[in-house]
Amino acid sequence: MNSEIKEEIPVHEEFTLCCGVETQVLKCGPWTDLFNDQSANRPKLLIFIIPGNPGFSAFYVPFAKALYSSVNRRFPVWIISHAGHVLAPKDKKILAASDDPNAQEIKDIYGLRGQVEHKIIRSFLLFPTIERMSESPNGRIATPILCWLRYALYVSSYLLLKPCPESVKSWLIRMVLQRMNMESEFSVLSVLEPFCLANIAYLGGQEMMEVVKRDNETIKEHLSKLTFYYGTIDAWCPTEYYEDIKKDFPEGDIRLCEKKIAHAFILRSYQEMAGMVADWLKDDLSKVDVAT
(Lines give C-alpha, C1' and ligand atoms only; values in the text may rest on other atoms or scores of the structure.)
Protein backbone atom coordinates (compact mmCIF):
# COMPACT_ATOMS: atom_id res chain seq x y z
CA MET A 1 0.00 0.00 0.00
CA ASN A 2 2.75 2.48 0.97
CA SER A 3 4.78 1.87 -2.21
CA GLU A 4 1.62 2.28 -4.29
CA ILE A 5 0.90 5.60 -2.60
CA LYS A 6 4.43 6.88 -3.14
CA GLU A 7 4.63 5.90 -6.81
CA GLU A 8 1.22 6.70 -8.23
CA ILE A 9 -0.17 9.76 -6.47
CA PRO A 10 1.00 13.09 -7.93
CA VAL A 11 1.90 15.89 -5.54
CA HIS A 12 2.38 19.39 -6.96
CA GLU A 13 4.40 22.02 -5.11
CA GLU A 14 3.64 25.74 -5.25
CA PHE A 15 4.77 28.80 -3.35
CA THR A 16 2.42 31.71 -2.85
CA LEU A 17 2.62 34.97 -0.94
CA CYS A 18 0.64 35.04 2.30
CA CYS A 19 0.64 38.56 3.77
CA GLY A 20 3.80 39.14 1.74
CA VAL A 21 5.58 36.04 3.08
CA GLU A 22 6.36 33.03 0.88
CA THR A 23 4.26 30.03 1.82
CA GLN A 24 4.49 26.47 0.54
CA VAL A 25 1.37 24.66 -0.70
CA LEU A 26 1.51 20.96 -1.58
CA LYS A 27 -1.37 19.70 -3.72
CA CYS A 28 -2.12 15.98 -3.67
CA GLY A 29 -4.03 14.75 -6.71
CA PRO A 30 -4.28 15.84 -10.35
CA TRP A 31 -5.98 19.18 -9.61
CA THR A 32 -3.63 22.15 -9.30
CA ASP A 33 -5.92 25.14 -9.97
CA LEU A 34 -9.36 24.72 -8.43
CA PHE A 35 -10.15 28.43 -8.57
CA ASN A 36 -9.99 28.78 -12.35
CA ASP A 37 -11.14 25.26 -13.22
CA GLN A 38 -14.78 25.47 -14.32
CA SER A 39 -14.92 22.02 -15.92
CA ALA A 40 -17.58 19.42 -15.12
CA ASN A 41 -14.91 17.28 -13.44
CA ARG A 42 -13.97 19.99 -10.96
CA PRO A 43 -14.22 18.47 -7.44
CA LYS A 44 -16.86 19.92 -5.13
CA LEU A 45 -14.75 19.50 -2.01
CA LEU A 46 -11.19 20.25 -0.95
CA ILE A 47 -9.57 18.46 1.99
CA PHE A 48 -7.22 21.02 3.52
CA ILE A 49 -4.48 20.16 6.03
CA ILE A 50 -3.04 22.83 8.34
CA PRO A 51 0.10 21.53 10.09
CA GLY A 52 1.09 22.14 13.65
CA ASN A 53 4.18 24.14 14.57
CA PRO A 54 6.72 23.77 13.02
CA GLY A 55 4.69 23.90 9.84
CA PHE A 56 6.85 21.78 7.52
CA SER A 57 4.22 20.57 5.08
CA ALA A 58 6.60 18.08 3.41
CA PHE A 59 6.38 15.84 6.48
CA TYR A 60 2.59 15.64 6.02
CA VAL A 61 2.78 14.30 2.46
CA PRO A 62 2.54 10.58 3.44
CA PHE A 63 -0.56 11.41 5.53
CA ALA A 64 -2.07 13.43 2.65
CA LYS A 65 -1.42 10.61 0.17
CA ALA A 66 -2.91 8.01 2.50
CA LEU A 67 -5.98 10.20 3.06
CA TYR A 68 -6.32 10.83 -0.68
CA SER A 69 -6.28 7.07 -1.28
CA SER A 70 -8.71 6.47 1.59
CA VAL A 71 -11.33 8.74 -0.03
CA ASN A 72 -10.87 6.82 -3.30
CA ARG A 73 -8.98 9.68 -4.95
CA ARG A 74 -12.20 11.62 -5.50
CA PHE A 75 -11.17 14.82 -3.74
CA PRO A 76 -7.92 16.81 -3.68
CA VAL A 77 -5.91 16.94 -0.47
CA TRP A 78 -3.81 20.08 -0.02
CA ILE A 79 -1.32 21.01 2.69
CA ILE A 80 -0.27 24.57 3.49
CA SER A 81 2.84 25.41 5.48
CA HIS A 82 2.92 28.23 7.97
CA ALA A 83 4.07 31.44 6.29
CA GLY A 84 7.84 31.80 6.55
CA HIS A 85 8.47 28.23 7.75
CA VAL A 86 9.60 26.97 4.32
CA LEU A 87 11.81 28.88 1.89
CA ALA A 88 11.20 28.56 -1.83
CA PRO A 89 14.10 27.23 -3.92
CA LYS A 90 15.89 30.00 -5.80
CA ASP A 91 14.54 28.85 -9.18
CA LYS A 92 10.95 28.45 -7.94
CA LYS A 93 8.31 30.94 -9.06
CA ILE A 94 6.32 32.50 -6.22
CA LEU A 95 2.68 33.13 -7.05
CA ALA A 96 0.98 36.30 -5.90
CA ALA A 97 -2.06 35.51 -3.76
CA SER A 98 -5.34 37.12 -4.79
CA ASP A 99 -6.65 39.86 -2.55
CA ASP A 100 -9.27 38.42 -0.23
CA PRO A 101 -11.50 41.11 1.30
CA ASN A 102 -12.30 38.76 4.19
CA ALA A 103 -8.68 38.03 5.04
CA GLN A 104 -8.23 41.06 7.27
CA GLU A 105 -11.47 40.41 9.14
CA ILE A 106 -10.16 37.28 10.80
CA LYS A 107 -7.96 38.55 13.61
CA ASP A 108 -7.76 35.39 15.71
CA ILE A 109 -5.02 33.55 13.83
CA TYR A 110 -4.00 31.43 16.84
CA GLY A 111 -7.46 30.25 17.88
CA LEU A 112 -10.34 28.31 16.45
CA ARG A 113 -12.21 31.19 14.83
CA GLY A 114 -9.41 31.89 12.39
CA GLN A 115 -9.52 28.26 11.26
CA VAL A 116 -13.28 27.78 10.80
CA GLU A 117 -14.41 31.18 9.44
CA HIS A 118 -14.66 29.74 5.94
CA LYS A 119 -16.99 27.53 3.90
CA ILE A 120 -16.11 24.45 5.92
CA ILE A 121 -18.39 21.45 6.23
CA ARG A 122 -16.22 19.58 8.74
CA SER A 123 -13.08 20.36 10.73
CA PHE A 124 -11.00 17.66 12.44
CA LEU A 125 -8.78 18.87 15.25
CA LEU A 126 -6.27 16.07 15.73
CA PHE A 127 -4.46 16.23 19.08
CA PRO A 128 -5.66 19.84 19.42
CA THR A 129 -3.53 22.47 21.12
CA ILE A 130 -6.35 24.94 21.68
CA GLU A 131 -5.91 25.84 25.35
CA ARG A 132 -3.41 26.16 28.21
CA MET A 133 -0.41 25.34 26.02
CA SER A 134 2.12 26.76 28.47
CA GLU A 135 0.60 24.69 31.30
CA SER A 136 0.93 21.37 29.49
CA PRO A 137 3.93 19.11 30.31
CA ASN A 138 5.69 20.06 27.06
CA GLY A 139 4.60 23.68 27.42
CA ARG A 140 6.30 24.02 30.80
CA ILE A 141 9.57 23.09 29.10
CA ALA A 142 8.99 25.05 25.88
CA THR A 143 7.75 28.32 27.44
CA PRO A 144 11.03 29.50 29.03
CA ILE A 145 12.97 28.47 25.91
CA LEU A 146 10.62 30.11 23.40
CA CYS A 147 9.65 33.17 25.45
CA TRP A 148 12.73 34.02 27.48
CA LEU A 149 15.63 32.48 25.54
CA ARG A 150 14.31 33.04 22.01
CA TYR A 151 16.96 35.58 21.04
CA ALA A 152 19.73 33.24 22.19
CA LEU A 153 18.22 30.65 19.84
CA TYR A 154 18.21 33.20 17.01
CA VAL A 155 21.88 34.10 17.49
CA SER A 156 23.13 30.53 17.94
CA SER A 157 21.21 29.21 14.92
CA TYR A 158 22.49 32.07 12.77
CA LEU A 159 26.12 31.62 13.87
CA LEU A 160 26.04 27.84 13.48
CA LEU A 161 23.89 27.37 10.39
CA LYS A 162 24.33 30.47 8.23
CA PRO A 163 27.95 29.65 7.26
CA CYS A 164 27.12 25.94 6.82
CA PRO A 165 27.15 24.83 3.12
CA GLU A 166 23.90 23.45 1.72
CA SER A 167 25.65 20.15 0.94
CA VAL A 168 26.45 19.67 4.64
CA LYS A 169 22.90 20.61 5.67
CA SER A 170 21.48 18.15 3.11
CA TRP A 171 23.74 15.40 4.44
CA LEU A 172 22.73 16.09 8.06
CA ILE A 173 19.02 16.04 7.17
CA ARG A 174 19.47 12.83 5.16
CA MET A 175 21.16 11.14 8.11
CA VAL A 176 18.43 12.23 10.54
CA LEU A 177 15.63 11.08 8.19
CA GLN A 178 17.33 7.72 7.76
CA ARG A 179 17.62 7.25 11.52
CA MET A 180 13.92 8.12 11.84
CA ASN A 181 13.10 5.76 8.95
CA MET A 182 11.49 8.62 7.03
CA GLU A 183 11.65 9.92 3.48
CA SER A 184 10.69 13.24 1.92
CA GLU A 185 10.14 13.80 -1.78
CA PHE A 186 10.38 17.57 -1.26
CA SER A 187 13.29 19.54 0.10
CA VAL A 188 13.29 20.00 3.87
CA LEU A 189 16.40 22.19 3.96
CA SER A 190 14.31 24.87 5.68
CA VAL A 191 14.60 22.78 8.86
CA LEU A 192 18.14 24.16 9.13
CA GLU A 193 17.53 27.69 7.83
CA PRO A 194 18.00 30.38 10.54
CA PHE A 195 15.23 32.55 9.04
CA CYS A 196 12.72 29.68 9.24
CA LEU A 197 13.86 28.60 12.70
CA ALA A 198 13.40 32.18 13.92
CA ASN A 199 9.84 32.22 12.57
CA ILE A 200 9.11 28.86 14.19
CA ALA A 201 10.46 30.02 17.55
CA TYR A 202 8.52 33.29 17.36
CA LEU A 203 5.27 31.49 16.54
CA GLY A 204 5.93 29.02 19.35
CA GLY A 205 6.44 31.85 21.82
CA GLN A 206 3.23 33.55 20.68
CA GLU A 207 1.35 30.27 21.08
CA MET A 208 2.61 29.84 24.63
CA MET A 209 1.39 33.35 25.50
CA GLU A 210 -1.81 33.54 23.43
CA VAL A 211 -3.29 30.03 23.51
CA VAL A 212 -4.51 30.08 27.09
CA LYS A 213 -8.28 30.06 27.49
CA ARG A 214 -10.31 27.70 25.31
CA ASP A 215 -12.50 29.58 22.83
CA ASN A 216 -15.84 28.17 23.97
CA GLU A 217 -17.79 30.77 22.04
CA THR A 218 -16.42 29.60 18.69
CA ILE A 219 -16.75 25.95 19.66
CA LYS A 220 -20.40 26.46 20.59
CA GLU A 221 -21.10 28.34 17.36
CA HIS A 222 -19.54 25.67 15.12
CA LEU A 223 -19.92 22.56 17.30
CA SER A 224 -21.80 20.56 14.66
CA LYS A 225 -18.85 20.96 12.27
CA LEU A 226 -16.09 20.06 14.74
CA THR A 227 -14.50 16.73 15.64
CA PHE A 228 -11.87 16.72 18.40
CA TYR A 229 -9.44 13.82 18.75
CA TYR A 230 -7.34 13.78 21.93
CA GLY A 231 -4.44 11.49 22.74
CA THR A 232 -3.77 9.52 25.89
CA ILE A 233 0.01 9.98 25.68
CA ASP A 234 0.05 13.58 24.46
CA ALA A 235 2.24 15.93 26.50
CA TRP A 236 0.85 18.96 24.62
CA CYS A 237 -2.80 18.35 25.50
CA PRO A 238 -3.13 15.86 28.38
CA THR A 239 -6.29 13.82 29.01
CA GLU A 240 -7.34 16.41 31.61
CA TYR A 241 -8.05 18.78 28.70
CA TYR A 242 -10.17 16.11 27.02
CA GLU A 243 -12.16 15.54 30.20
CA ASP A 244 -12.74 19.28 30.66
CA ILE A 245 -13.99 19.94 27.12
CA LYS A 246 -16.10 16.77 27.19
CA LYS A 247 -17.75 18.04 30.37
CA ASP A 248 -18.41 21.48 28.85
CA PHE A 249 -19.69 20.10 25.52
CA PRO A 250 -21.20 16.67 26.23
CA GLU A 251 -23.12 16.75 22.93
CA GLY A 252 -19.97 17.42 20.87
CA ASP A 253 -18.03 14.92 18.77
CA ILE A 254 -15.07 14.72 21.15
CA ARG A 255 -13.07 11.49 21.06
CA LEU A 256 -10.21 9.99 23.05
CA CYS A 257 -7.61 7.91 21.24
CA GLU A 258 -7.53 4.28 22.38
CA LYS A 259 -4.53 3.31 20.24
CA LYS A 260 -1.72 5.21 21.98
CA ILE A 261 -1.04 7.31 18.88
CA ALA A 262 1.52 10.04 19.50
CA HIS A 263 0.93 13.77 19.04
CA ALA A 264 3.28 13.75 16.03
CA PHE A 265 1.20 11.07 14.28
CA ILE A 266 2.70 11.94 10.88
CA LEU A 267 5.92 10.16 11.87
CA ARG A 268 4.59 6.68 12.60
CA SER A 269 0.79 6.54 12.45
CA TYR A 270 -0.17 8.56 9.35
CA GLN A 271 -1.77 5.57 7.60
CA GLU A 272 -3.91 4.74 10.63
CA MET A 273 -4.97 8.35 11.17
CA ALA A 274 -5.82 8.77 7.46
CA GLY A 275 -8.08 5.73 7.62
CA MET A 276 -9.88 7.08 10.68
CA VAL A 277 -10.36 10.56 9.21
CA ALA A 278 -11.69 9.08 5.96
CA ASP A 279 -14.12 6.95 7.95
CA TRP A 280 -15.34 10.00 9.91
CA LEU A 281 -15.80 11.85 6.60
CA LYS A 282 -18.06 9.24 5.02
CA ASP A 283 -21.37 10.91 5.88
CA ASP A 284 -20.18 14.35 4.75
CA LEU A 285 -18.76 12.98 1.49
CA SER A 286 -21.96 11.10 0.74
CA LYS A 287 -23.88 14.38 1.04
CA VAL A 288 -21.46 16.00 -1.39
CA ASP A 289 -21.99 13.11 -3.83
CA VAL A 290 -25.79 13.46 -3.55
CA ALA A 291 -25.57 17.23 -4.10
CA THR A 292 -23.61 16.72 -7.30
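In the block above lies the structure referred to throughout.
The structure displayed is predicted, hence computed values, not measured ones.

Reading guide: rules and limits
Residues numbered from 1 in each chain as written. Predicted model: local features only at pLDDT ≥ 70, side-chain atom pairs only at ≥ 80, totals over all residues. Heavy atoms only, no water. Helix = DSSP H or I, 4+ residues; strand = E, 2+ residues; numbered from the N terminus. Buried < 20%, exposed > 50% of the residue type's maximum accessible area, 1.4 Å probe, protein only. Pairing = 2+ DSSP bridges. Contact = heavy atoms within 4.5 Å. Axes fitted to C-alpha atoms, helices over the stretch in contact; angles between N-to-C directions. Parallel < 35°, antiparallel > 145°, perpendicular 65-115°, else oblique. Left-handed = near helix turned anticlockwise from the far one by under 90°. Nonpolar A, V, L, I, M, F, W, Y, C, P; charged D, E, K, R; others polar.

Caption draft 1: Local environment of the side chain of His 85. As for its position among the elements, His 85 is in the loop between strand 4 (77-80) and strand 5 (94-95). Residue His 85 is classed as buried on the basis of its relative accessible area, which comes to 2%.

Caption draft 2: The sheet that holds strand 5, seen in detail. One open sheet accounts for five strands, arranged 3-4-2-1-5; its pairing is mixed. The sheet is open, and its two borders are formed by strand 3 (47-49) and strand 5, each paired with just one other strand. Across eight bridges, strand 1 (residues 11-18) lies against strand 2 (residues 21-28) in antiparallel orientation. Counterpart to Phe 15 in the pairing with strand 2 is Gln 24. Packing of helix 2 (residues 61-70) onto the sheet brings it into contact with strand 1, strand 2, strand 3 and strand 4, and relative to strand 4 it is tilted by some 160 degrees.

Caption draft 3: Looking closely at the packing of helix 5 (residues 150-161) against helix 7 (residues 194-210). Running from N to C, helix 5 and helix 7 point in directions that differ by 165 degrees, and their axes come no closer than 9 Å. Our classification of the angle between helix 5 and helix 7 gives roughly antiparallel. The handedness of the crossing between helix 5 and helix 7 is right-handed. Contacts between helix 5 and helix 7 involve Arg 150, Tyr 154, Ser 157, Tyr 158 and Leu 161 from the first element and Pro 194, Leu 197, Ala 198, Ala 201 and Tyr 202 from the second. Residue composition of the contact of helix 5 with helix 7, grouped by class: eight nonpolar, one polar and one charged.

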